[in-house]
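So you can see what is in the structure, the chains are spelled out below.
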Amino acid sequence: MKHENRSLGLVNYHSIQYFSRDLKSCVEWHKKTFGFEEIAQSSENWEKRHGMRSVVLRGAGSIGWIITEPIEKNSTAGRYLSTHPDGVAFLNFKVKNLKKTVEFLADKKAAFLYEIENHKSLNDGYWYETAIATALDDVGFRFIEESQYDQFAPGFKWINQEKNKHNSFGLDLGIDHVTCNGRSMHAITEFYRHCLGFEQYWGIEFHTNHHKPDLGTGSGLESIVMWDKESGIKFATNQPLAPYFNNSQIQIYVEDNRGSGVQHIAFGTKNIIDTVSKIRNKGAVFLEASDKYYEQLPARMSAMKLDKIKEPFNIIKENNILLDGSNSKYLLQIFMKEQSVQLQKKEAGPFFYEIIQREGDESFGEGNFKALFDSIEKQQVSENRQEMRERVDSLC
Ligand SMILES: [Fe+2]
């Protein structure tokens, strides 16, 4: 008889695990750029057993940012990095009751990566976890139930256990959403629906050809946002859109990442101007919206029935922040350049970060979608990718 467990029981993100070829540079970049602080590191035993070493940072909203580099080629990180550039390899979630989560996943025939691990700490704390394979190639999802466990995670040791410390860059709201790319989004969104019980939240398609049909070239994407109603966790998924499928920035990401994967993670802030100014002062680079975007913004605002925003328009423009909204509600967002640009090395990969401030608007910035699209395209064109894509297109 089937059990009655109809919920995955997600609470929030516990941590993000990022695989990098260069632990030190990756850790230093995240500390400098976002004000993340080192809170834990892997123990010697864990490093020996797993053939990897990790440093944990207190990330946005105190979500753990686990940066891991391989010691052994045959480790989980080593195998991931033998195929992919650096990037997000695991999304780790806190759950209410791991036994129930596992029942839910087993019922959906989810592919478990390992059996449930049980760990106890001396202070009567416990830690239960398991993980599943996903439709995102080598990205895994881990599920954790823990209470009073005396370390950040089994096999880790605290460096700085100070709890509830504010992020000095205003990144206290945690993860707004995670966005992934694939050549077909349906394998991914149906995986979210079937295995995780997520529902559709939002959808969009965009193609430069729709705006400039006489251009003779162009590129496009489609996107679906799925969410877990219980926790509010949202995943966006993009796929390329024909015509000129191979020109799409989504196809280019999949090629650069050598498979589908996590394209970006968005951090929420209450004051995007302050957060972005601080990040920019640390030398990080953002995508630039065109002057045309800001020329058109007043007209767009009246079309959006958005009379006023509390932030000064000139500072929004100076900081290259994007605005979208409707009926007096709005959001401000900005996209950072890819990690390969931030760290000035190709193997740092096509993953990037977004910063978002929501003023009542819970959408995904449909108008800004086009701006992001144009901006990324500009960057890819500047890297002569467009020309290469067109050559590939002509072979198809
Ligand atoms: Fe986003």
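The model shown is predicted, which means the values in this text are computed figures rather than measured ones. (Residues numbered from 1 in each chain as written. Predicted model: local features only at pLDDT ≥ 70, side-chain atom pairs only at ≥ 80, totals over all residues. Heavy atoms only, no water.)

Colleague: Help me out: how do you make sense of the overall build of the protein chain in this one?
Modeller: Each helix and strand in the protein chain was counted, giving 13 helices and 17 strands. The contacts of the protein chain with a sequence gap of at least 6 include a subset with a gap of at least 24, amounting to 70%. Accessible area for the protein chain stands at about 17,900 Å²; split by element, carbon and sulfur atoms hold 48% of it. (Helix = DSSP H or I, 4+ residues; strand = E, 2+ residues; numbered from the N terminus. Contact = heavy atoms within 4.5 Å. Areas by Shrake-Rupley, 256 points an atom, 1.4 Å probe, with all protein chains shown as cover.)

Colleague: What's the story with the nonpolar core in this structure? I'm lost.
Modeller: Inside soluble globular proteins, nonpolar side chains tend to come together where they are buried. Ranked by size, the top nonpolar core spans 80 residues in total, and within it W65, F141, F143, Y192, L196, F235 and I265 carry the most contacts. The leading source of residues in this core is helix α5 (residues 185-196), at 6 residues. Mapped onto the domain boundaries, this core takes at least three residues apiece from domain 1 (10-158) and domain 2 (175-395). With sequence-adjacent residues up to four places away left out, L196 is seen in contact with L8, F104, L105, I132, F141, F143, F191 and F235. With 19 residues, the next largest nonpolar core counts F19, I39, M52 and F156 among its residues. (Core = buried A, V, L, I, M, F, W, Y, C linked by side-chain atoms within 4.5 Å. Buried < 20%, exposed > 50% of the residue type's maximum accessible area, 1.4 Å probe, protein only. Domains from an automatic or database assignment.)

Colleague: What should I look at first to understand the pattern of salt bridges in this one?
Modeller: Pairing is possible between side chains of opposite charge, provided their charged atoms come close. Considering all chains together, one arrives at 18 salt bridges under this definition. Residue D86 is joined to R21 by a salt bridge in which the shortest nitrogen-to-oxygen separation is 2.7 Å. Here R21 lies in the loop between β1 (10-19) and α1 (23-34) and D86 lies in the loop between α3 (76-83) and β5 (87-95), a separation of 65 residues in the sequence. For D86, a relative accessible area of 4% puts it in the buried group. The residue K346 makes a salt bridge to D256 at a minimum N-O spacing of 3.9 Å. Placement of K346 in the loop between α11 (339-342) and β17 (352-359) and of D256 in helix α7 (residues 249-257) is noted, with a sequence separation of 90 residues between them. A relative accessible area of 16% places D256 in the buried class. (Salt bridge = Lys/Arg side-chain N within 4 Å of Asp/Glu carboxyl O.)

Colleague: Hey, could you run me through the coordination of the iron ion in this one?
Modeller: Ideal coordination angles are 109.5 degrees for a metal with four donors arranged tetrahedrally and 90 or 180 degrees for a metal with six donors arranged octahedrally. Donor atoms from the polypeptide that bind the iron ion are H177 (NE2), H264 (NE2) and E354 (OE), placed at 2.0 to 2.2 Å. Taken in sequence order, the residues that donate to the iron ion follow the motif H-x86-H-x89-E. Taken as a pair, H264 in strand β14 (residues 261-268) and E354 in strand β17 lie far apart in primary sequence, 90 residues in all. Given a relative accessible area of 4%, H264 falls into the buried group. Residue classification places E354 among the buried positions, given a relative accessible area of 1%. (Donors = N, O, S within 2.8 Å, 3.2 Å for Na, K, Ca; no water.)

Colleague: Even after reading the chapter, I still don't get the sheet that holds strand β12 (residues 220-227), so can you show me in this structure?
Modeller: Pairing between the strands of a sheet comes from backbone hydrogen bonds, and it takes one of two forms, parallel or antiparallel. Pairing in this open sheet of 8 strands is mixed, and the strands run β11-β12-β13-β10-β14-β17-β16-β15 from one edge to the other. Edge positions in the sheet fall to β11 (199-207) and β15 (322-326), since each has one partner strand and no second. Direction aside, the axes of adjacent strands within the sheet are offset by 20 degrees on average. Relative to strand β16 (residues 329-335), β15 runs antiparallel, the two being bridged by 5 bridges. Bridge assignment links G325 to a residue of β16, and that residue is Y330. Those strands touched by helix α8 (residues 272-281) are β16 and β17, and its axis lies near 160 degrees from that of β17. (Pairing = 2+ DSSP bridges. Axes fitted to C-alpha atoms, helices over the stretch in contact; angles between N-to-C directions.)

Colleague: For this particular structure, what's the right way to read the confidence of the model for the protein chain?
Modeller: A low pLDDT means the predicted coordinates there should not be read in detail. For the protein chain, per-residue confidence averages 91 on the pLDDT scale, and 90% of positions sit at 70 or higher. Note that pLDDT drops below 50 for residues 387-396; the model gives that stretch 11 contacts with residues more than four away or on any other chain. (pLDDT = per-residue confidence, 0-100.)

Colleague: Looking at this model, I keep getting lost on the sheet that holds strand β2 (residues 37-42). Mind explaining?
Modeller: With respect to topology, 9 strands assemble into an open sheet ordered β6-β7-β8-β5-β1-β4-β3-β2-β9, the strand pairing being mixed. At either margin of the open sheet sits one strand with a lone partner, and together these are β6 (112-120) and β9 (156-158). When strand polarity is set aside, the average angle formed by the axes of neighbouring strands in this sheet is 25 degrees. Direction of pairing for β1 relative to strand β4 (residues 64-70): parallel, over a ladder of 5 bridges. Bridge assignment links Q17 to a residue of β4, and that residue is I66. Across the face of the sheet, α3 comes into contact with β1, β3 (52-58), β4 and β5 while running at roughly 80 degrees to β4.

Colleague: Explain the side chain of S121 to me, please; I cannot follow it from the model alone.
Modeller: By the element assignment, S121 lies in the loop between β6 and β7 (126-133). Relative accessible area serves as the criterion here: at 9%, S121 is assigned to the buried category. Each residue touching S121, except ones within four places of it in the same chain, is listed here: Q148, Y149 and D150.

Colleague: How should I be thinking about the pairing of β6 in this particular structure?
Modeller: Successive residues of a regular strand alternate their side chains across the two faces of the sheet. With 6 bridges joining them, β6 and β7 adopt antiparallel strand pairing. Its bridge partner being in β7, N118 is matched across the sheet by Y128. Turn length for the β6-β7 hairpin, with the two strands adjacent in sequence and antiparallel, is 5 residues, and the turn residue D124 shows positive phi of about 70 degrees.

Colleague: Can you walk me through the packing of aromatic side chains in this structure?
Modeller: Each aromatic ring pair is specified by the distance between its two centres and by the angle formed by the two planes. Under the criterion given, the structure shown has 35 aromatic pairs. Considering the side-chain rings of Y201 and F364, the 6.2 Å spacing of their centres and the 80 degrees angle between planes classify their relative orientation as edge-to-face. A residue pair is termed long-range when its members are at least 10 positions apart, and Y201 in strand β11 and F364 in the loop between β17 and α12 (366-382) qualify at 163 residues. Residue class for Y201 comes out partly exposed when judged on its relative accessible area of 26%. Each ring, one from F267 and one from Y353, has its centre 5.1 Å from the other, and the planes form 25 degrees; the classification is stacked. Of the two residues, F267 sits in strand β14 while Y353 sits in strand β17, which places them 86 residues apart along the sequence. (Phe/Tyr/Trp six-rings, centres within 6.5 Å; stacked < 30°, edge-to-face > 60°.)

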